[in-house]
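Structural features, examined
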Amino acid sequence: MSWSWEYVFGAEESARTLPPLFLKEVERKADELVRMAEALYVHGRSHEGADPKGSDVILPGGMFRYQIVVRSERVFVVQIVHLGS
């Protein structure tokens, strides 16, 4: 398994209605988070500690909240907020 990201909960439903440019920025930042997590947790599947605390990423026009689950080698986008344009 290799590191990747995905939408979960209501974030997937929200993503369907977001402006394409904003969604593209969310996806670009999620890709960066995957690369960061992969570098920090090289042996993700055998990780024995707790998962890191989730956080928010502020973007022009909104934000998204993510959670890293190391043993699953996943970055989950759990919430997206778009403030409109």
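Refer to the preceding data block for the structure.
First, a word on what this report is: a plain description of the structure on this page. Everything numeric here is computed off the predicted structure, so don't read it as measured data.

**Concerning the overall build of the chain**
A tally of helices and strands in the chain yields two helices and four strands. If you list the helices and strands of the chain from N to C, you get β-α-α-β-β-β. Relative to the compact-globule value of 12 Å for 85 residues, the chain shows a C-alpha radius of gyration of 13 Å, a close match. The principal-axis extents of the C-alpha atoms in the chain amount to approximately 45 × 20 × 20 Å. Looking at the 85 residues of the chain, the share that counts as buried comes to 33%. Residue pairs in contact within the chain that sit at least 24 positions apart in sequence constitute 56% of those at least 6 positions apart.

**Thoughts on helix α2 (residues 20-40)**
With 21 residues, α2 extends 30 Å between its outermost C-alpha atoms, agreeing within 8% with the 30 Å of an ideal straight helix rising 1.5 Å per residue. Among all positions in α2, only Phe22, Leu23, Val26, Ala30, Leu33, Val34 and Ala37 are buried. Buried positions in α2, seen along its axis, are confined to an arc of 125 degrees and lie on one side of it. Opposite the buried face of α2, at more than 90 degrees from it, the exposed residues are Pro20, Leu21, Lys24, Arg35 and Ala39. Structurally, α2 contributes buried residues whose contacts are with β1 (4-7), α1 (11-15), β2 (55-59), β3 (62-69) and β4 (74-82).

**Considering the nonpolar core**
One finds Tyr7, Phe64, Val75 and Ile80 to be the most contacted residues of the largest nonpolar core, which totals 21 residues. Contributions of two or more residues to this core are made by α1, α2, β2, β3 and β4. Ranked by residues supplied to this core, first place goes to α2 with seven residues. Filtering out sequence-adjacent residues up to four positions away, Tyr7 remains in contact with Glu12, Ala15, Leu23, Val26, Glu27, Val77 and Ile80.

Thresholds applied
- Residues numbered from 1 in each chain as written.
- Predicted model: local features only at pLDDT ≥ 70, side-chain atom pairs only at ≥ 80, totals over all residues.
- Heavy atoms only, no water.
- Helix = DSSP H or I, 4+ residues; strand = E, 2+ residues; numbered from the N terminus.
- Rg over C-alpha atoms; globule rule 2.2 N^0.38 Å.
- Buried < 20%, exposed > 50% of the residue type's maximum accessible area, 1.4 Å probe, protein only.
- Contact = heavy atoms within 4.5 Å.
- Expected span 1.5 Å × (residues − 1).
- Arc of directions from axis to C-beta.
- Core = buried A, V, L, I, M, F, W, Y, C linked by side-chain atoms within 4.5 Å.

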